[in-house]
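Summary of structural features
Residue-level listing of the chains:
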Amino acid sequence: MRLVFPRRPRYTEIAMNEQKPDAHAKTSKRERLQSLLARDPNVLACPVCGAALRLSREASALCCARGHCHDIAKKGYVNLLGRGGGAKGVYDAAFFANRRAAFGFGLYEEAARRIAALAKELLRPAETGGQIERAGAIRALDAGCGEGYFAFALSRDASPGAVCRFYGLDLSREAIAMATDYEADIAWIVGDLAKPPFRDGAFDLVLNVLSPASYGAFRRILARDGVLIKVLPGPDHLRELRALRGELEGGRSGEGAREHVERHMRVAERASVRYFRALRPEQKKVLPAMTPLTAGKTPDPVALDSLRRVTVDLEIVAGRPL
Ligand SMILES: C[S@@+](CC[C@H](N)C(=O)[O-])C[C@H]1O[C@@H](n2cnc3c(N)ncnc32)[C@H](O)[C@@H]1O
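Since the model is a prediction, treat every value here as computed from it, not as a measurement.

1. Let's talk about the overall build of the protein
Of regular secondary structure, the protein possesses 10 helices and 11 strands. Going through the 322 residues of the protein one by one, you find that 53% of them count as buried. Surface accessibility of the protein: about 14,700 Å² in total, with carbon and sulfur atoms responsible for 50%.

Structure, rendered in structure tokens:
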């Protein structure tokens, strides 16, 4: 597998209030999801019994043959978590709001561009010289999508020309409810990536950005020629924020995660994305609470104010889960 990062023009920062109304403007979020699910019927599996899920006759719920039904929320997502679950630890509504603010000022823009370019290359159908053999629509899932930024970037920039269906999955209902704000044809699902509510081999691509991974589950839901893109923090990721807390630990981060990847993936290719982002005063405030590296820990405000820039250092790894 050869991964290429084509040069592409810089795109504008993603912010909800910058998005232009489009052809979907008159469609409610719920109707949009109903239409996506109707067009792609053989993907979802019941979280209770694993049987195929289909839209009910009134399209108000997804039901399996055993009668387990899961309502489609007015907000335009479906909760396939079953009872309990939801946001855990630092991943509360404030975390996702701060993360969205950081996305809005472009902190991860370059990273999103590189990930989408790679995904686009990997999703090319065999008839155009790519490696996807599937007949019919190509499918991509962002597993652990949070408030939806990278799934949105995928849906906007990674489509390889063939018909593509995009899904976003997260454990947090708050995050998924926020994700439905993106103007995009993405099916947003609340669910557990360790027990993903999808049928075997449903996806050509699973993306997993700065989130926990479940390699066995990813292998199950990937097609035979499907690919996992795992994005994890590089040694210097947000080092200025960690330094504020005296948590540089010899200057390296994510070592455990990198070893874990080596043990659980047959890595075909890797790339690193590293850049600095200058910070304006109002941008500094959201940073500590938008990353699990520092969320829930109050930094010294004077030290925070002294920050001039922050490092984004990510590793992008592509291959097959073992
Ligand atoms: C650091 S956030 C990253 C979110 C998103 N990829 C982004 O970069 O904004 C980690 C995410 O993993 C999600 N998560 C944690 N455990 C999960 C699980 N078992 N199933 C699905 N999502 C999970 C959290 O809810 C959170 O949204």
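2. As for the site of the ligand
In the neighbourhood of the ligand, 19 residues make up the surrounding shell, with Arg-99, Gly-144, Asp-170, Asp-192 and Leu-193 lying closest. In this structure, Arg-99 approaches the ligand through a side-chain N or O atom, which is 2.6 Å from an oxygen atom. Between a nitrogen atom of the ligand and a side-chain N or O atom of Asp-192, the distance comes to 2.8 Å. Cavity membership is defined here by more than half of the atoms lying within 2 Å of grid points; on that basis the ligand lies in the largest pocket. It is helix 2 (residues 93-104) that provides the largest number of residues to the shell around the ligand, a total of three residues. When grouped by side-chain class, the residues that make up the shell around the ligand number 11 nonpolar, five polar and three charged.

3. A word on the layout of surface pockets
The calculated volume of the largest pocket comes to roughly 760 Å³. Going through the elements one at a time, helix 2, helix 4 (149-157), strand 9 (222-233) and helix 8 (255-264) are the ones with two or more residues in the lining of the largest pocket. Here the lining of the largest pocket is built from residues that sort into 24 nonpolar, 11 polar and seven charged.

4. Some words on the nonpolar core
Among the nonpolar cores identified, the biggest contains 57 residues, and Leu-107, Tyr-108, Phe-150 and Ile-229 are the most heavily contacted of them. No other element matches helix 3 (residues 109-122), which puts seven residues into this core. Filtering out sequence-adjacent residues up to four positions away, Leu-107 remains in contact with Ala-102, Tyr-275, Arg-277, Leu-287, Met-290, Val-310 and Val-312. Counting residues in hydrophobic clusters, the runner-up holds 32 residues, among them Cys-64, Leu-169, Leu-193 and Val-317.

5. Digging into the state of the cysteines
Applying the stated criterion across every chain yields a total of one disulfide. A sulfur-sulfur separation of 2.1 Å characterises the disulfide bridge that pairs Cys-63 with Cys-69. Linking Cys-63 and Cys-69, the disulfide has an S-S dihedral of approximately 115° and is accordingly described as right-handed. With relative accessibility at 17%, the residue Cys-63 sits in the buried group. Cys-46 takes part in no disulfide bond, and the closest cysteine sulfur, belonging to Cys-49, lies 3.8 Å away. Cysteine Cys-49 remains unbridged, with the sulfur of Cys-64 as its closest cysteine sulfur at 3.7 Å. What makes Cys-49 partly exposed here is its relative accessible area of 25%.

Criteria and thresholds
- Residues numbered from 1 in each chain as written.
- Predicted model: local features only at pLDDT ≥ 70, side-chain atom pairs only at ≥ 80, totals over all residues.
- Heavy atoms only, no water.
- Helix = DSSP H or I, 4+ residues; strand = E, 2+ residues; numbered from the N terminus.
- Buried < 20%, exposed > 50% of the residue type's maximum accessible area, 1.4 Å probe, protein only.
- Areas by Shrake-Rupley, 256 points an atom, 1.4 Å probe, with all protein chains shown as cover.
- Near = heavy atom within 4 Å.
- Polar contact = N/O pair within 3.5 Å; in protein donor to acceptor, adjacent residues only side chain to side chain.
- 1 Å grid on protein atoms, 1.4 Å probe; cavity = no way out; pocket = protein on both sides within 12 Å on 5 of 7 lines; lining within 4 Å.
- Sits in = over half its atoms within 2 Å of the grid points.
- Nonpolar A, V, L, I, M, F, W, Y, C, P; charged D, E, K, R; others polar.
- Points joined across faces, edges and corners; volume = space filled by probe spheres on them.
- Core = buried A, V, L, I, M, F, W, Y, C linked by side-chain atoms within 4.5 Å.
- Contact = heavy atoms within 4.5 Å.
- Disulfide = S-S within 2.5 Å.

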